[in-house]
Structures are given as C-alpha cells and as structure tokens.
Amino acid sequence: MTTAYESDAELVARHVARIGRVQQTLRDLRKEWASIDVHMESANGDVQLSVNHHGRLMALSLAPGCTSRYTNEALEQVIGTTLQAAVADAYAERDEIEKNAEEAALDAAQLL
C-alpha cells in the first residue's frame, strides 16, 4: 500500500516531467521561429529582400539603375508589393510551425 507521501511524490514527479516537456517544446518552437528567413524577389527582379518570422525587413537590395527607372511612387509600390508577399510567406511558415508544435504538445501530454 502506498503512503500519502509516495502518492504526492509521484504526482509531483509527473508534473515536473510535464513541465520539462512543455519547456522543451517552447525551446524548440523558438528555435524554429528563429530559422524563418524568407527571401523574396519582385517579378522583374529589381527588388530583392528578406524578412524574419516577425515580418521584419532584414535585407533590401535594389538592382542597379532601378532608382532612375522608377518614379518614387512606382518604386515604393514594387517594394511594398514584394514586402507584403514576403511577410505573408513568413507568417504562413510561422503558422505551420505553431500548428506542428501544438500537435507535438498534445502528443506529449498524452504520454502521462
């Protein structure tokens, strides 16, 4: 027959194990998020850029001479359109990572 202390110790051990798995899942999620780096190029190749998992612009390159080929409004439009496409891709990647993490967390929770 188990004592109350043994039952409590077993319960605490299960919760500590669960917390450890949740912490590991969060570490893995952060690592996967950090790996998102979306590179995008405009249709004509004049604009190249990259964004991170937050959709933050990390790099922007303009083809030689494009500042003289475009008006400021037209160049703004090309950059904006390319940036919006890159951000959408980054968010889609992030959503997929989060979906996979949720499934992994549910699987881990069922181990108890």
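Residues numbered from 1 in each chain as written. Predicted model: local features only at pLDDT ≥ 70, side-chain atom pairs only at ≥ 80, totals over all residues. Heavy atoms only, no water.

**A look at the overall build of the protein chain**
Turning to step 1, where the next piece is worked out: Along the backbone of the protein chain there are three helices and three strands.
Turning to step 2, where the next piece is worked out: The N-to-C order of helical and strand elements in the protein chain reads α-β-β-β-α-α.
Turning to step 3, where the next piece is worked out: Taken along the three principal axes of its C-alpha coordinates, the protein chain extends 85 × 15 × 15 Å.
Turning to step 4, where the next piece is worked out: Residues counted as buried form 23% of the 112 residues belonging to the protein chain.
Turning to step 5, where the next piece is worked out: For the protein chain, the share of sequence-separated contacts (at least 6 apart) that also reach a separation of at least 24 residues comes to 53%.
Turning to step 6, where the next piece is worked out: Accessible surface, the protein chain: about 8,000 Å² in total, of which carbon and sulfur atoms supply 56%.
Turning to step 7, where the next piece is worked out: Separation of charge centres in the protein chain, based on 10 positive and 18 negative side chains, amounts to 6 Å. (Helix = DSSP H or I, 4+ residues; strand = E, 2+ residues; numbered from the N terminus. Buried < 20%, exposed > 50% of the residue type's maximum accessible area, 1.4 Å probe, protein only. Contact = heavy atoms within 4.5 Å. Areas by Shrake-Rupley, 256 points an atom, 1.4 Å probe, with all protein chains shown as cover. Lys, Arg positive; Asp, Glu negative; His and termini not counted. Charge placed at Lys NZ, Arg CZ, Asp CG, Glu CD.)

**A short note on the pairing of strand β2 (residues 47-52)**
Turning to step 1, where the next piece is worked out: When you tally the buried positions in β2, you get five out of six residues, the bulk of the element.
Turning to step 2, where the next piece is worked out: Here strand β1 (residues 37-41) pairs with β2 via five bridges, running antiparallel. Among the inter-strand pairings, His39 is bridged to a residue of β2, identified as Ser50.
Turning to step 3, where the next piece is worked out: Linking β1 to β2, which pair antiparallel, is a turn of five residues; within it Gly45 sits at a positive phi near 80°.
Turning to step 4, where the next piece is worked out: As paired strands, β2 and strand β3 (residues 57-62) are joined by five bridges and run antiparallel to one another. Within β3, the residue paired with Val47 across the bridge is Leu62. (Pairing = 2+ DSSP bridges.)

**Concerning a negative patch on the surface**
Turning to step 1, where the next piece is worked out: A contiguous patch of negative charge, built from Asp95, Glu96, Glu102, Glu103 and Asp107, is present on the exposed surface.
Turning to step 2, where the next piece is worked out: Relative to the helices and strands, Asp95 is located in helix α3 (residues 72-109).
Turning to step 3, where the next piece is worked out: Judged by its relative accessible area of 44%, Asp95 is partly exposed. (Patch = residues over 30% accessible without salt bridge, like charges linked within 9 Å, V, L, I, M, F, W, Y side chains within 5 Å. Salt bridge = Lys/Arg side-chain N within 4 Å of Asp/Glu carboxyl O.)

**What to know about the nonpolar core**
Turning to step 1, where the next piece is worked out: Val38, Leu49, Val51 and Ala86 are the most contacted members of the largest nonpolar core, which has 16 residues in total.
Turning to step 2, where the next piece is worked out: Secondary structure elements with two or more residues in this core: β1, β2 and α3.
Turning to step 3, where the next piece is worked out: Sort the elements by how many residues they give to this core and α3 lands first, with seven residues.
Turning to step 4, where the next piece is worked out: Discounting chain neighbours no more than four positions away, the residues touching Val38 are Leu49, Ser50, Val51, Ala86, Asp89, Ala90 and Glu93. (Core = buried A, V, L, I, M, F, W, Y, C linked by side-chain atoms within 4.5 Å.)

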